[in-house]
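These are the residues of each chain, in order.
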Amino acid sequence: MDTILRIDVGAEGGPKAVPTPVGDYAGMGGRGLTSAIIATEVPADAHPLGPENKLVIAPGLLSGTAASMSGRLSVGCKSPLTGGIKEANSGGQAAQLLARLGYAAIVLEGGRKDDDLYVVRISKNGVTITADESLRRATNYQLMDRFLGEYEKKGAMISIGPAGEMGYANSTVSITDVEGRPTRHAGRGGVGAVMGSKGIKAIIVDAEGAKVRAPANPEAFKAASKAWVDGLSKHPVTGEGLPAYGTNVLTNVINEAGALPTRNFATGQFEGASKISGETQAELEVSRGGSATHGCHRGCTIKCSGTFVDKDGKFVTKQPEYETVWAHGANCGIDDLDVIAELDRLDDDYGLDTIEMGATIAVAMEAGVAKFGDGKAAIELLHEVGEGTPLGRILGSGAATTARVFGLEHAPCVKGQAMPAYDPRAVKGIGVTYATSPMGADHTAGYAVATNILKVGGDVDPLKAEGQAALSKNLQIATAAVDATGMCLFVAFAVLDQPETFQALVDLLNAYYGWDLDADGVAAYGSKILAFERDFNARAGFTKADDRLPRYFKREPLAPHNVTFDVSDAELDSVFD
Amino acid sequence: MPEAPAIRLTLPQHAFKALLQRGVGIAGGAGATVRKFLEDVLGIDATYVEERLQTVFLDGQPVDDLDRAVVKPGAVLALSGAMPGLAGATMRRGGYYARMREGITHEEHDPAVGVHDDGIVVVKLFNRPLADLAESLAQRPLLARQGTVEGLESGAGEGGWVRLAVTLA
């Protein structure tokens, strides 16, 4: 991965691709690379859809190797949704293949000279870029129908749907899965709109002839790989819970805790939770001939995904994730898995972030645009978004904008990005991360990677209320480091519990690159990434005032526990001190 | 134990598991610590309790100490395996990230005073415990709320509970 493919979309004669050496970015990958490039090369006052913004697509440091779970792709830019730095992360096949073709990143840059839409084709033989007007407003599944023949054997497609073309602030970049379907998305923050602003509709990656990346120390790498897989397999979360039920295993648990945001964060429990739980979903899928155990990329051993089919056994969508089931389910008062699956399919097809879209529909329901629980109305609203009607364009701009248009205080957003499926009043530590992450309200920004091993910020008593700030900081640092490796974040639980599994991850990096990293080195890497991001946001005008939850979370208690978010502003400000 | 007519139902596995997610009533055993309730009343193996029931809720509050939390009459006890992600780690029994859920954590103010024969405890099973313990739960007398499963549309006694005898299809 010693090449960055820079595509100047404003070049004379049409977009031009130039392979360049990684140079000063050597040793960086995934979120580390996307954030470094954005922070270094994009003026912080750039308009997100303007020529100075860039879209960086980067596999992780271990992507393309034989290491299990290393197929995550980072997509970075200045976010049209938040106005700050953004890294959106996705599974699918593209990360492995781009890395094997030798690309550390693809950078889309410059300002398009016309309204044409382009397809980029990348293979071992080089890069071609062709205009194709017939693709205008094509959905992601329509693009699959058109191009599957080109990428299904050894390739992948990275694309935007109509949402990205229309510049929606909650539009995604889609990445195809093992079956070639556009079911995996770099979802948050409107990255699809930036790709659309560059006039790039699809990137077809053909890795025919590309080899698995060879480590510096093959024997050590093989040993570390074995320890890594052993650790993931034996852990009850990664080895049992996730493969059996998917991420939606969380619905019953988070609901029981009174932390499942329901009807636009009005309460913390949903009476229909068991109807849309992971347990119920797995049973339904399997009984209809679908699957509850499926990996989003080759090399995944956790296999937390699945396939959702309708009552006739016909494919509808990949197994909806916890976040999707929450956003389109409990948060909208909908308790029908078939409706939720249809909404998920539409999100994938139009290229929309399921979290932001579900949060937005819930805001619209509170505004009276539709009734809570009306699945048919939710589907109709999604079609309006995909078709670009005036109401659709409002909804496609996200929950914060929709609340503003309809005159509502209840916009559950930080830095303009909607909160995910954990109410911060019930889980205050997650609320600290929502408030302080450079990404906006983000549930993956503060994941756990054995911080009791990393000991970043020192040891703190886990049962004391004080110290949420230090814990959030530890987690954000650790997560940033994992996001740079290309590893799926679900490795975190096994790594947290099993020191030997964390060590296996460090050993993989060292064996592949010939490094001598230790736990402190991993933490330093994560800190460096966060420093890039915070610096960019500061230059973009963000201050401590932006590291806050909406005031109503401090004022309005959440049933059933009647709790409010009472972490002080001083403690929030101390997270990165 | 309330006066309630017994209804025999043959249920497919998925219907019984759906019921267990919503909760079934267990008569007797209230007043014990959570651990004693699980082991002595529900008959769950001690090793399974310690190693597999990694997430336990009592009245919606995550429990850290199974030997201190007390199951009172009318309590709702929910059992789960280890959960993914930060939220899952946060809810975990005695987990390192427990303080991230400060404000909803179970705190026991009334010590165990011994087991009562009266009183109903609602038990919910999720994910791995649902798969592992459903069959054994089906073999004991249970209570269910009227209307919570097909075949239980009538017959409720005191408190809306119906005595249930389940045969798994």
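Chains are numbered independently. Their residues run from 1 in the order of the written sequence. Each chain is given a letter, starting from A, and each ligand a number, starting from 1, according to the order in which they appear as written. With the structure being a predicted model, the display of local features is reserved for residues of pLDDT at least 70 and the display and counting of side-chain atom pairs for 80 or more, all residues being used for whole-chain, interface and lining totals.

Peer 1: It is not clear to me how the overall build of chain B should be interpreted in this structure. Could you clarify?
Peer 2: Counting from the N terminus, the helices are the DSSP runs of H or I reaching at least four residues and the strands are the DSSP runs of E reaching at least two. Scanning chain B for helices and strands turns up 5 helices and 8 strands. For chain B, the α and β elements follow one another from N to C terminus as β-α-β-α-α-β-β-β-α-β-α-β-β. All radius of gyration figures rest on C-alpha atoms, and the globule criterion is 2.2 Å times the number of residues raised to 0.38. In terms of C-alpha radius of gyration, chain B reaches 16 Å, essentially the compact-globule figure of 15 Å for 169 residues. Its C-alpha atoms give chain B principal-axis dimensions of about 45 × 35 × 30 Å. C-beta atoms are placed from the backbone for every residue, and two residues are taken to be in contact when these atoms lie within 7 Å. The contacts in chain B between residues at least 6 apart in sequence include a share of 75% that link residues at least 24 apart.

Peer 1: What exactly am I supposed to notice about the overall build of chain A here?
Peer 2: Assigned secondary structure in chain A consists of 23 helices and 17 strands. Residues with at least 20 neighbouring C-beta atoms inside 10 Å of their own are called buried, those with 12 or fewer are called exposed, and the rest are partly exposed, where every C-beta is derived from the backbone. Sorting the 577 residues of chain A into buried and exposed places 64% on the buried side. Within chain A, counting contacts between residues at least 6 apart in sequence, those at least 24 apart form 72% of the total.

Peer 1: When you look at the interface of chain B and chain A in this model, what are you seeing that I'm missing?
Peer 2: Taken together, the 36 residues of chain B in the interface contact 45 residues of chain A. Sorting the residues of the side of chain B that touches chain A by element identifies α1 (13-22), β3 (55-58), β5 (76-80), α4 (85-91) and α5 (127-138) of chain B as the ones contributing at least two each. Here the nonpolar group is Ala, Val, Leu, Ile, Met, Phe, Trp, Tyr, Cys and Pro; Asp, Glu, Lys and Arg are the charged ones; every other residue, Gly included, is treated as polar. Of the residues in the side of chain B that touches chain A, the class split is 18 nonpolar, 12 polar and 6 charged.

Peer 1: Would you explain the packing of α1(B) against α5(B) in this entry?
Peer 2: When two helices pack together, their arrangement is given by the angle between their axes and by how far apart the axes lie. Residues and elements named next belong to chain B. The axes used here are C-alpha line fits, helices contributing only the stretch in contact, and every angle between their N-to-C directions lies in the interval 0 to 180 degrees. α5 packs onto α1 with a crossing angle of 100° between their chain directions and a minimal axis gap of 10 Å. Looking at the two axes, α1 sits roughly perpendicular to α5. Mapping the contact onto sequence places Phe16, Lys17, Leu20 and Gln21 in α1 and Leu130, Ala134, Leu137 and Ala138 in α5. When its residues are assigned to classes, the contact of α1 with α5 shows 6 nonpolar, 1 polar and 1 charged. Oblique is the label for any angle not covered by the other classes, which are roughly parallel (under 35 degrees), roughly antiparallel (over 145) and roughly perpendicular (65 to 115).

Peer 1: Where do I start with the pairing of strand β2 (residues 16-21) of chain A in this structure?
Peer 2: Along a regular strand, successive side chains alternate from one face of the sheet to the other. Residues and elements named next belong to chain A. Little of β2 is tucked away: 0 of the 6 residues are buried. For two strands to pair, DSSP has to find at least two bridges joining them. Here strand β1 (residues 3-8) runs beside β2; their pairing, made up of 6 bridges, is antiparallel. Considered in β2, the bridge of isoleucine 4 is made with threonine 20.

Peer 1: Teacher, can you tell me more about α5(B) here?
Peer 2: An α-helical segment advances 3.6 residues per turn. Residues three or four places apart therefore align on the same side. Taking 1.5 Å of rise per residue, the 12 residues of α5(B) would be expected to cover 16 Å, and the 17 Å separating its terminal C-alpha atoms lies within 8% of that figure. All buried positions along α5(B) are accounted for by B:Asn127, B:Arg128, B:Pro129, B:Leu130, B:Leu133, B:Leu137 and B:Ala138. Take the residue count of a helix, subtract one, and multiply by 1.5 Å to get its expected span.

Peer 1: Would you mind going over the environment of A:Arg548 with me for this structure?
Peer 2: All names here are of chain A. Mapped onto the elements of the fold, arginine 548 is located in the loop between α21 (519-539) and α22 (552-555). Considered as a pair, arginine 548 and aspartate 566 are 18 residues apart in the sequence and their alpha carbons are 11 Å apart. Excluding its chain neighbours within four sequence positions, the residues that come into contact with arginine 548 are Ala435, Asp569 and Leu572.

Peer 1: I'm lost on the domain arrangement of chain A in this one. Help?
Peer 2: A common measure of how large an interface is: the accessible area buried when the components associate. All names here are of chain A. For chain A, the assigned domains read domain 1 (3-206) and domain 2 (428-573). Contact with domain 1, which involves 33 residues of that partner, is made by 26 residues of domain 2. Elements with a contribution of two residues or more to the side of domain 1 that touches domain 2: α1 (30-41) and β5 (85-90). By residue number, the principal contributor to the side of domain 1 that touches domain 2 is α1, which donates 7 residues. The class makeup of the residues in the side of domain 1 that touches domain 2 is 12 nonpolar, 15 polar and 6 charged. Here the bounds of each domain stem from an automatic or database domain assignment.

Peer 1: Where do I start with the pairing of strand β7 (residues 118-123) of chain A in this structure?
Peer 2: All names here are of chain A. Of all the 6 residues making up β7, 5 are buried; the element is thus mostly covered by neighbouring parts of the structure. Inspection of the sheet shows β7 paired to strand β8 (residues 126-131) by 6 bridges, in the antiparallel sense. Directly across from valine 120, in β8, lies its bridge partner isoleucine 129. As consecutive antiparallel partners, β7 and β8 are separated by 2 residues. With 5 bridges joining them, β7 and strand β12 (residues 200-206) adopt parallel strand pairing. Bridging from a neighbouring strand, valine 120 pairs with isoleucine 203 of β12.

Peer 1: Is there a simple way to think about helix α16 (residues 428-436) of chain A in this case?
Peer 2: Summarising burial for α16(A): 9 of the 9 residues are buried, a large majority. Buried within α16(A) are the following residues: A:Lys428, A:Gly429, A:Ile430, A:Gly431, A:Val432, A:Thr433, A:Tyr434, A:Ala435 and A:Thr436.

Peer 1: Please clarify how the nonpolar core should be interpreted in this entry.
Peer 2: One broad trend across soluble globular proteins is that nonpolar side chains are buried collectively. Judged by nonpolar contacts, the single largest core of 229 residues is most densely connected at A:Val56, A:Ala105, A:Val205, A:Val491, A:Leu508 and B:Val34. At 8 residues, the largest contribution of residues to this core is made by helix α12 (residues 354-366) of chain A. Two domains each put at least three residues into this core: domain 1 (3-206) and domain 2 (428-573) of chain A. One nonpolar core equals one set of buried Ala, Val, Leu, Ile, Met, Phe, Trp, Tyr and Cys residues connected by C-beta atoms within 7 Å.

Peer 1: Sorry, what's going on with the environment of A:Glu52 here?
Peer 2: All names here are of chain A. Structurally, the position occupied by glutamate 52 is in the loop between α1 and β3 (55-59). Residue classification places glutamate 52 among the partly exposed positions, given that 16 C-beta atoms sit within 10 Å. Sequence separation of glutamate 52 and glycine 110 is 58 residues, and the distance between their C-alpha atoms is 6.2 Å. The residues contacting glutamate 52, other than those within four sequence positions of it, are Val42, Pro43 and Ala46.

Peer 1: Before we go on, may I ask you to explain the sheet that holds β3(A) in this structure?
Peer 2: Within a sheet, neighbouring strands are paired by backbone hydrogen bonds and run either parallel or antiparallel to one another. All names here are of chain A. Read across the open sheet, the 6 strands follow the order β2-β1-β6-β3-β4-β5; overall the sheet is mixed. The open sheet has two edge strands with one neighbour each: β2 and β5. On average, each strand axis in the sheet is tilted by 20° relative to the strand beside it, whichever way the strands run. Strand direction decides the pairing type here: β3 and strand β6 (residues 103-109), joined by 3 bridges, are antiparallel. Each bridged residue has a counterpart across the sheet, and for isoleucine 57 the counterpart in β6 is isoleucine 106.

Peer 1: Help me understand unusual backbone geometry, please; the structure alone is not making it clear to me.
Peer 2: If a residue is not glycine, its phi is most likely negative; likewise, a peptide bond is most likely trans. All names here are of chain A. Here the residue pair alanine 559 and proline 560 is connected by a cis peptide bond, since its omega of 10° sits within 30 degrees of zero. By the secondary structure assignment, proline 560 is in the loop between α22 and α23 (569-573). You will see that methionine 69, though not glycine, has its phi angle at about 75°, which is positive. Inspection of the secondary structure puts methionine 69 in the loop between β3 and β4 (73-78).

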